[in-house]
Each structure stands twice: as structure tokens, then as C-alpha cells.
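# Residue-level structural notes
Below, each chain spelled out in residue letters.
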Amino acid sequence: DGTFRSSGWSGYGNGSLLALPCLDSVGEIRAVITLHNKATPPFTTEDLTLGRIIAGHTIEAIRGIELARSLGESEAKYRNLAEHSGTGIVLQQDGRLVYANARFATMLGGWPGRLPDGSFADLVHPGERGLFADLEADLGRLAADGRSGRLEARLLCRDGEPLWADISLSAS
């Protein structure tokens with residue numbers, strides 16, 4: 001609830017409590033590091049320096065946790081969107097298929113529980129592979145201009161039959 005509560009111990013007199021707030025990028029307190037119950041002298045300049053270092057590491061750890069949480073939430077939303085899309089979606093990384101949504105799998109006749117081996121180019125009809133290769137080669141230039149590539153081409157279904165598809169490529 002944002003309020004601070006005493007631990008109930010009454011021995012914090014004579015400067016025996018050092019509280020170091022951990023501030024986020026907008027100045028909000030995200031955590032407080034406390035050092036207490038130290039003997040004479042209560043705290044030295046070195047103690048304060050060490051406390052500030054600990055507070056700095058703490059806020060960086062909190063930022064990392066929050067970023068990881070935010071990324072996980074974003075990935076879950078994207079995955080949900082992709083899984084329920086009426087459009088076939090495929091991701092390729094380092095020349096290998098790493099993801100295909102259910103709609104794409106259904107369009108090409110399905111893959112029981114796994115992706116086909118190889119790259120997306122392997123799913124392109126042999127008669128269209130030259131056009132697809134040209135588009136892939138231009139993808140870096142298109143991405144630099146903030147554009148994606150587009151091609152109408154035949155894909156190969158699992159049973160070998162062709163399927164006309166409007167293919168959009170983008171790099172990330």
C-alpha cells in the first residue's frame with residue numbers, strides 16, 4: 001500500500017538506522033535498503049557509500065525483473081494473437097523454421113505436432129523459388145527502409161499440391 005511500517009524494535013536511536021531509497025527512472029521509490037543496529041560509530045562515510053552501491057544494484061535488479069515480466073507479458077499477447085489469427089504466420093530464424101501457427105499448418109495440410117525441417121523456402125513451390133530468393137535477398141534493403149516484401153506465389157502442401165498464397169516478408 002506504499003506506507004512504511006516500523007519493525008517494532010525501539011533500538012534505532014543514536015543514528016543506528018540508515019535507510020536508502022531505491023528510486024526508479026521517474027523518481028518513485030521502488031524499494032528501501034535499510035542498515036541498522038550498528039555499534040559505535042553508528043555509520044561511516046564508507047558505510048553510506050556501500051549502501052548506495054547496494055541500492056544501485058538493487059534497483060537495477062528490480063528493473064531487470066520488471067523488464068523480464070513485461071517481455072513475458074508481451075510475448076504471451078503476441079503468441080495469443082498469432083495462435084488465433086485467421087492468417088498463416090511463420091517465423092524463421094537463422095534459415096530454419098522456428099514457429100508456425102495452427103492456421104498455417106492447416107493451410108498446408110498440417111504437421112502432426114512438429115514443424116517441417118528446413119526453411120520457409122523449402123515450402124515454396126519449385127517454380128516460385130527464384131522469385132522468393134530474389135525477395136529474400138532484397139529483404140535487408142527493404143527492412144532498412146521500413147518496408148516489407150510481398151510476393152504472390154505457390155506453396156507446397158504436405159500432399160504435394162500447390163497452394164496460392166500472398167506472402168509478406170519482414171525482417172526483425
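Provided above is the structure to which this section pertains.
Scope of this entry: the structure provided in the associated data block.

Analysis parameters
- Residues numbered from 1 in each chain as written.
- Predicted model: local features only at pLDDT ≥ 70, side-chain atom pairs only at ≥ 80, totals over all residues.
- Heavy atoms only, no water.
- 1 Å grid on protein atoms, 1.4 Å probe; cavity = no way out; pocket = protein on both sides within 12 Å on 5 of 7 lines; lining within 4 Å.
- Points joined across faces, edges and corners; volume = space filled by probe spheres on them.
- Helix = DSSP H or I, 4+ residues; strand = E, 2+ residues; numbered from the N terminus.
- Patch = residues over 30% accessible without salt bridge, like charges linked within 9 Å, V, L, I, M, F, W, Y side chains within 5 Å.
- Areas by Shrake-Rupley, 256 points an atom, 1.4 Å probe, with all protein chains shown as cover.
- Salt bridge = Lys/Arg side-chain N within 4 Å of Asp/Glu carboxyl O.
- Polar contact = N/O pair within 3.5 Å; in protein donor to acceptor, adjacent residues only side chain to side chain.
- Phe/Tyr/Trp six-rings, centres within 6.5 Å; stacked < 30°, edge-to-face > 60°.
- Buried < 20%, exposed > 50% of the residue type's maximum accessible area, 1.4 Å probe, protein only.
- Pairing = 2+ DSSP bridges.

Another point: the layout of surface pockets. Taken as a whole, the largest pocket spans an internal volume of roughly 880 Å³. Surrounding the largest pocket, 26 residues form its lining, V90, L91, S168, L169 and S170 being those nearest its centre. Those elements that provide at least two residues to the lining of the largest pocket are β3 (90-93), α2 (102-107), α3 (129-144), β5 (149-156) and β6 (162-169).

Further remarks concern a nonpolar patch on the surface. Residues Y78, L81, L91 and V98 make up a contiguous nonpolar surface patch of about 380 Å² in total accessible area. Structurally, the position occupied by L81 is in helix α1 (residues 45-83).

This part covers the side chain of N101. Checked against the element boundaries, N101 lands in the loop between β4 (96-100) and α2. A polar side-chain atom of N101 sits 3.0 Å from the main-chain amide nitrogen of F104.

Across all of its chains, the model carries 2 aromatic pairs by this definition. Arranged with centres 6.0 Å apart and planes meeting at 40°, the rings of F104 and F120 form a pair that is tilted. Within this pair, whereas F104 is found in helix α2, its partner F120 is found in the loop between α2 and α3, the two being separated by 16 residues in sequence. For the pair F104 and F120, a shared accessibility class is recorded, and that class is buried. Aromatic pair F120 and F132: ring centres 5.4 Å apart, planes at 45°, arrangement tilted. Here the residue F120 occupies a position in the loop between α2 and α3, and F132 occupies one in helix α3, the gap between them amounting to 12 residues. Among the aromatic residues, ring-to-ring pairing joins F104, F120 and F132 into one connected group.

The subject of this paragraph is the pairing of β5. The side-chain alternation of β5 yields one buried face, formed by G149, L151, A153 and L155, and one unburied face, formed by R150, E152, R154 and L156. Two elements, β5 and β6, share 8 bridges in a ladder whose sense is antiparallel. Within β6, the residue paired with G149 across the bridge is L169. Hairpin remark: β5 followed by β6, antiparallel, with 5 residues in the connecting loop; positive phi at G160, about 90°.

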